[in-house]
Amino acid sequence: MLDRDGFRPNVGIILLNQKNQVFWGKRIRTHSWQFPQGGIDRGESPEQAMFRELHEEVGLMPDHVRIVARTRDWLRYEVPERYIRRDARGHYKGQKQIWFLLQLMGQDHNLNLRATNHPEFDAWRWNDYWVPLDVVVEFKRGVYEMALRELARYLPRNDHRNRYLRSGMRTRDIEHGPHDQPGAPLPAPAMELPPGATFEPNPQGRQLPVAAKGKHAP
């Protein structure tokens, strides 16, 4: 299912543990690491697709997580032609994604990379929120950085190391600074997360926050 510009609708998942580290999966039989992601099937909403992919790729059920936020607009990346199947070349261009920020409410043992007969990952680990993008396949790095930056405002704000998120004083610098070039290094030291911090429970009926206005190939 492609849009008129040749992009396939897709979801990406940033999963946080209780220490605000992110799930980082190693693609099966490769040396590249990535977040869980997958296509949106016809008739599915992005949220429905997210929960399906969450189970298929990491074995989690809806009650194992809490949705913290999602991106409002599609984030797009183009796939180099060498990665596109021959029969799709000429009309398939890449992916457009809605990204979700989730908090794990279950335990590590709930994670299962063999939940289906077609696993996406053969290893996983918890990593700092600002993951090293040099281990991500190159054409996805720009979207990863955009998603991480856009959703960072929903990280805990009860630590002095995140005071710029609380005050908003440096938001412009973060969103429009010199690091905005795709693949550029993320500003690590000032962006460290407070160890052991947790999110406040989401009040029942509260509208899911969005961060801004508004399977065909890798």
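The coordinates are above.
Described in the following lines is the structure provided in the data block.

Cut-offs applied
- Residues numbered from 1 in each chain as written.
- Predicted model: local features only at pLDDT ≥ 70, side-chain atom pairs only at ≥ 80, totals over all residues.
- Heavy atoms only, no water.
- Salt bridge = Lys/Arg side-chain N within 4 Å of Asp/Glu carboxyl O.
- Helix = DSSP H or I, 4+ residues; strand = E, 2+ residues; numbered from the N terminus.
- Buried < 20%, exposed > 50% of the residue type's maximum accessible area, 1.4 Å probe, protein only.
- Expected span 1.5 Å × (residues − 1).
- Contact = heavy atoms within 4.5 Å.
- Pairing = 2+ DSSP bridges.
- Core = buried A, V, L, I, M, F, W, Y, C linked by side-chain atoms within 4.5 Å.
- Phe/Tyr/Trp six-rings, centres within 6.5 Å; stacked < 30°, edge-to-face > 60°.
- Lys NZ or Arg CZ within 6 Å of the ring centre and 35° of its normal.

### A short note on the pattern of salt bridges
Now for step 1: This structure, assessed with the given rule, holds ten salt bridges.
Now for step 2: Of the charged contacts, one joins Asp122 and Lys26 as a salt bridge, the two residues approaching to 2.9 Å between their closest N and O atoms. Taken together, the positions of Asp122 in strand E8 (residues 121-127) and Lys26 in strand E2 (residues 22-27) put the pair 96 residues apart, joining distant regions of the chain.
Now for step 3: Look at Lys26 and you get buried, because its relative accessible area is 17%.

### Some thoughts on helix H1 (residues 46-58)
Because each turn of an α-helix spans 3.6 residues, side chains separated by three or four positions in sequence point in the same direction.
Now for step 1: Counted at 1.5 Å a residue, the expected span for H1 with its 13 residues is 18 Å, and the 17 Å between its end C-alpha atoms agrees.
Now for step 2: Within the span of H1, buried status applies to Ala49, Met50, Phe51, Arg52, Glu53, Leu54, Glu57 and Val58.
Now for step 3: Buried residues along H1 sit against strand E1 (7-16), E2, strand E4 (37-39), strand E5 (65-70), strand E7 (94-104) and E8.
Now for step 4: One or two residues past the end of H1 sits Gly59, with phi positive at roughly 80°.

### Topic: unusual backbone geometry
Now for step 1: With phi around 60°, Asn20 is a residue other than glycine that occupies positive phi space.
Now for step 2: With respect to the element layout, Asn20 can be found in the loop between E1 and E2.
Now for step 3: Even without a glycine there, the phi angle at Arg29 is positive, about 60°.
Now for step 4: Within the secondary structure, Arg29 is located in the loop between E2 and strand E3 (33-34).

### Focus: helix H2 (residues 141-151)
Now for step 1: Most of H2 sits inside the fold, with nine of its eleven residues counted as buried.
Now for step 2: Those residues of H2 that fall on the buried side of the exposure criterion are Gly142, Val143, Tyr144, Glu145, Ala147, Leu148, Arg149, Glu150 and Leu151.

### Quick notes on the pairing of E2
Now for step 1: In terms of burial, E2 is largely enclosed, as five of its six residues are buried.
Now for step 2: In this structure, E2 lies alongside E8, joined through six bridges in antiparallel fashion. Bridge pairing links Lys26 to Ala123 in E8.
Now for step 3: Summarising the sheet, E2 and E3 pair through two bridges and their orientation is antiparallel. Considered in E3, the bridge of Lys26 is made with Trp33.
Now for step 4: Here E2 hands over to E3 after five residues, with Arg29 in that stretch at a positive phi of 60°.

### Some points on the nonpolar core
Now for step 1: Residues Ile14, Phe35, Trp99, Leu101 and Tyr129 are the most contacted members of the largest nonpolar core, which totals 30 residues.
Now for step 2: Of all the elements in the fold, those that place two or more residues in this core are E1, E2, E5, strand E6 (75-78), E7 and H2.
Now for step 3: Tallying contributions element by element places H2 first for this core, with five residues.
Now for step 4: The next biggest cluster of nonpolar side chains, apart from the first, holds 21 residues, and it includes Leu15, Phe23, Leu60 and Trp126.

### Observations regarding the pairing of E7
Now for step 1: The element E7 is extensively covered by neighbouring structure, given that eleven of its eleven residues are classed as buried.
Now for step 2: Strand direction decides the pairing type here: E1 and E7, joined by ten bridges, are parallel. Among the inter-strand pairings, Leu16 is bridged to a residue of E7, identified as Gln103.
Now for step 3: By the bridge criterion, five bridges tie E5 to E7 in an arrangement that is antiparallel. Directly across from Ile67, in E7, lies its bridge partner Leu102.
Now for step 4: Across four bridges, E6 lies against E7 in antiparallel orientation.

### Digging into the packing of aromatic side chains
Now for step 1: Within this structure, the stated rule accounts for twelve aromatic pairs.
Now for step 2: With 5.4 Å between their ring centres and 75° between their planes, Trp99 and Tyr144 make a pair best called edge-to-face. Here Trp99, found in strand E7, pairs with Tyr144, found in helix H2; they are 45 residues apart in sequence, far enough to count as distant. Grouping residues by exposure puts Trp99 and Tyr144 together as buried.
Now for step 3: Put simply, the rings of Phe23, Phe121, Trp124 and Trp126 touch in pairs and so form one group of aromatic residues.
Now for step 4: One cation-aromatic arrangement involves Lys96 over Trp74; the distance from NZ or CZ to the ring centre is 4.8 Å.
Now for step 5: Note that Arg125 overlies the ring of Trp33, its terminal NZ or CZ placed 4.7 Å from the centroid.

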